[in-house]
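The chain contents come next:
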Amino acid sequence: MSWPEVAGDPAAEYARRLLLQHGVDVDVTEPAARRSAIESWAGSGAMALTGTPDGPPQLVAGAPATTTRGALLALGALAAAAGLDAGQLPDERLLGERAAAMRLTRGGAISAGGACRLLDAADGTVALTLSRDHDFDSLPALLEVDALTDDPWTEVAVRCREVTAAAFAERAALLGLAVGAVQPPSAEANLLGHSGGVERPRRLASAQILVVDLSSLWAGPLCAHLLGLLGARVIAVNSALRPDPTAEVAPQFHRLLRHGAEAAALNLTDAGDIERLRDLLSAADIVIEASRPRALAQLGIDAESLATTATWMSITAYGRDSNRIGYGDDVAATAGLLGAGPVFAADAIADPLTGTHAAVAALAQWATRRTGLVEVAMYDIARAARTPLPEATVVARDGSWYVDDGSNLIAVSDPALRVAAR
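Below: a short report on this structure. (Residues numbered from 1 in each chain as written. Predicted model: local features only at pLDDT ≥ 70, side-chain atom pairs only at ≥ 80, totals over all residues. Heavy atoms only, no water.)

Some remarks on the overall build of the protein chain
Item 1. Tallying secondary structure elements over the protein chain gives 17 helices and 15 strands in all.
Item 2. Here the protein chain has a C-alpha radius of gyration of 21 Å; the compact-globule value for 422 residues is 22 Å, and the two agree.
Item 3. On the principal axes, the C-alpha backbone points of the protein chain span a range of 60 × 60 × 40 Å.
Item 4. Scored against the burial criterion, the 422 residues of the protein chain give a buried share of 53%.
Item 5. Long-range contacts, defined as pairs at least 24 residues apart, comprise 75% of the intrachain contacts of the protein chain with a sequence gap of at least 6.
Item 6. Within the structure as shown, the protein chain displays about 17900 Å² of accessible surface, and the carbon and sulfur contribution to it stands at 49%. (Helix = DSSP H or I, 4+ residues; strand = E, 2+ residues; numbered from the N terminus. Rg over C-alpha atoms; globule rule 2.2 N^0.38 Å. Buried < 20%, exposed > 50% of the residue type's maximum accessible area, 1.4 Å probe, protein only. Contact = heavy atoms within 4.5 Å. Areas by Shrake-Rupley, 256 points an atom, 1.4 Å probe, with all protein chains shown as cover.)

Details of the layout of surface pockets
Item 1. What the second largest pocket holds in volume is close to 310 Å³.
Item 2. Taken together, 15 residues make up the lining of the second largest pocket; nearest its centre are Thr29, Leu72, Leu73, Gly76 and Ala77.
Item 3. Grouping the amino acids of the lining of the second largest pocket by side-chain chemistry returns nine nonpolar, two polar and four charged. (1 Å grid on protein atoms, 1.4 Å probe; cavity = no way out; pocket = protein on both sides within 12 Å on 5 of 7 lines; lining within 4 Å. Points joined across faces, edges and corners; volume = space filled by probe spheres on them. Nonpolar A, V, L, I, M, F, W, Y, C, P; charged D, E, K, R; others polar.)

Considerations on the sheet that holds strand E13 (residues 393-397)
Item 1. If you trace the three strands from one edge of the open sheet to the other, you get E13-E14-E15, paired in antiparallel fashion. Edge positions in the open sheet fall to E13 and strand E15 (409-411), since each of these has one partner strand only. Mean inter-strand twist for the sheet, computed between neighbouring axes without regard to direction, equals 40 degrees.
Item 2. Direction of pairing for E13 relative to strand E14 (residues 400-404): antiparallel, over a ladder of five bridges. When the sheet's bridge partners are listed, arginine 397 is paired in E14 with serine 400. (Pairing = 2+ DSSP bridges. Axes fitted to C-alpha atoms, helices over the stretch in contact; angles between N-to-C directions.)

A look at the sheet that holds strand E3 (residues 178-181)
Item 1. Spatial strand order, E1-E2-E3: three strands in an open sheet with antiparallel pairing. For this open sheet the edge positions go to strand E1 (116-120) and E3, each flanked by a neighbour on one side alone. Across the sheet, the mean angle separating the axes of adjacent strands is 20 degrees when strand polarity is ignored.
Item 2. Against the sheet, helix H7 (residues 152-161) engages E1 and strand E2 (125-129), with an angle of about 35 degrees to E1.
Item 3. With respect to the sheet, helix H8 (residues 165-174) is in contact with E2 and E3, its orientation differing from that of E3 by roughly 160 degrees.

Observations regarding the packing of helix H9 (residues 219-229) against helix H16 (residues 350-367)
Item 1. Direction vectors running N to C along H9 and H16 enclose 45 degrees, while the axes themselves pass 8 Å from each other. Taken as axis vectors, H9 and H16 run oblique relative to one another. Relative to H16, the crossing made by H9 is right-handed. Here Ala219, Leu222, Cys223, Leu226 and Leu227 of H9 come into contact with H16, specifically with Asp351, Pro352, Thr354, Gly355, Thr356, Ala358, Ala359, Ala362 and Leu363.
Item 2. Class assignment of the residues belonging to the contact of H9 with H16 gives a composition of 10 nonpolar, three polar and one charged. (Parallel < 35°, antiparallel > 145°, perpendicular 65-115°, else oblique. Left-handed = near helix turned anticlockwise from the far one by under 90°.)

A closer look at the pattern of salt bridges
Item 1. What the rule picks out here adds up to 20 salt bridges.
Item 2. Among the ionic pairs, arginine 171 bridges to glutamate 144, the shortest N-O distance being 3.9 Å. One end of the pair, arginine 171, is in helix H8; the other, glutamate 144, is in the loop between helix H6 (139-143) and H7, with 27 residues separating them in the sequence.
Item 3. Here aspartate 380 ties to arginine 383 by a salt bridge, and the two come within 3.8 Å at their closest N and O atoms. A residue pair is termed a helical-turn pair when its members lie 3 or 4 positions apart in one helix, as aspartate 380 and arginine 383 do in helix H17 (residues 378-384) at three residues. Accessibility classification places aspartate 380 together with arginine 383 in one group, the buried group.
Item 4. Members of the salt-bridge network, linked through shared partners, are Asp9, Arg35, Arg69 and Glu92. (Salt bridge = Lys/Arg side-chain N within 4 Å of Asp/Glu carboxyl O.)

With respect to H16
Item 1. An ideal rise of 1.5 Å per residue puts 26 Å on 18 residues; H16 measures up with 26 Å between its terminal C-alpha atoms.
Item 2. Counting buried residues in H16 gives 17 out of 18 residues, a clear majority hidden from the surface.
Item 3. Taken from the residues just after H16, arginine 369 is the one with a positive phi, measuring 60 degrees. (Expected span 1.5 Å × (residues − 1).)

With respect to the packing of aromatic side chains
Item 1. Inspection of every chain in the model, using the stated rule, returns two aromatic pairs.
Item 2. Taking the centre distance of 5.2 Å and the plane angle of 80 degrees together, the rings of tryptophan 218 and phenylalanine 253 count as edge-to-face. With tryptophan 218 in the loop between strand E5 (210-213) and H9 and phenylalanine 253 in helix H11 (residues 251-258), this residue pair connects regions lying 35 residues apart in the sequence.
Item 3. Tryptophan 218 gets classed as buried once you look at its relative accessible area, which sits at 3%.
Item 4. With centroids separated by 5.6 Å and ring planes inclined at 35 degrees, the aromatic side chains of tyrosine 318 and tyrosine 379 adopt a geometry described as tilted. Of this pair, tyrosine 318 sits in the loop between strand E9 (311-316) and helix H15 (328-334) while tyrosine 379 sits in helix H17; the two residues are 61 residues apart in sequence, bridging distant segments of the chain. (Phe/Tyr/Trp six-rings, centres within 6.5 Å; stacked < 30°, edge-to-face > 60°.)

A closer look at the pairing of E5
Item 1. Side chains Leu210 and Val212 of E5 all project onto a buried face; the interleaved residues Val211 and Asp213 project onto the opposite face, where all are buried too.
Item 2. Relative to strand E6 (residues 233-239), E5 runs parallel, the two being bridged by four bridges. Of the residues in E6, the one forming a bridge with valine 211 is valine 234.
Item 3. Taken together, the three bridges between E5 and strand E8 (residues 286-289) define a ladder with parallel strand orientation. Across the sheet, the residue bridging to valine 211 is isoleucine 286, located in E8.

Quick notes on the environment of arginine 386
Item 1. With respect to the helices, strands and loops of the structure, arginine 386 is situated in the loop between H17 and E13.
Item 2. A C-alpha to C-alpha distance of 4.0 Å links arginine 386 and glycine 62, two positions 324 residues apart in sequence.
Item 3. In this structure the side chain of arginine 386 is engaged in a polar contact, spanning 2.8 Å, whose partner is the backbone oxygen of glycine 336. (Polar contact = N/O pair within 3.5 Å; in protein donor to acceptor, adjacent residues only side chain to side chain.)

Next up, the structure:
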């Protein structure tokens, strides 16, 4: 999905197209201050995270800040049409919030969070994330060695240069690693696929939206957080045995996303807790989950069946039919959403892109009284943010960075974290 530069705000134009894609025709209020794609990117905090540590911040091959802002404008328009209060919705600066909380900076070919790297292959580039202990346990099989040295990333880089990007990514994916060969998109993305979708009466005319969130990390919790800001009741279900790692590595950010939500810690090896989970899911208007389908199927929970009475938001890296895992940095890189070099774009940018678009899809379903399974693939959302930017130059002035678009000097903002308002 791409759009021309128009007299109005490009994010508002994106919002209108996004809503029409969801079968909703509501008015999108044109923002008082128009922002070009460059202004949105420079002001989002994400540009400051893009580039090499010793170089200037960069523009990217796309307009992810504009698509994020557009999704939030669409969400606000939907909320207004449904009589909900959208006054607390954030803007595109949410792209840099995790980095602000964790004090991350741009790392070039190493992601801001440090777990993902861009590696040279014989014919291209690979993005590989090693964030879990057992990821490193898989490396001997990937490298075909008996044991690792004290510098496993160097071993991985050497091996990657010996093979094609596709061959390396295929072998790593078979071992359960988050990996992808970086390729430019060949066609426009189909942002959201709908499976099912039937009209149903709401339980009560004034019923509060009940959201049950089974997800962790960033994309799913952000979707739930945005719905909560619109007045939904959010219940965040955590596994008592495998809690959300964000609570430990980024506690301030985790508190922001979970502010106002109710928490339910369940032991999913316990029959009683599994039954409690089923009860919650049966009562929900919207369910958010980001696991592979087999994970819930092992608990006897069938998304397709539950989606006949609720909207089931299924967030995956590459689609429900794919067994591949992925995180915000490697998925965005695989989709070609990168800076020159190449370098990573912002911090795990596929996560907040996906979370905002998933919230639009969820509210569109609720507002039109539809139920069904809605699939949101992070790769598709990141790929859809690929669109050419106008020519511009990054310059330094008095110790700060600016973008010179030929008419104006646009300041590059540092990442910032909101204060929870409710």
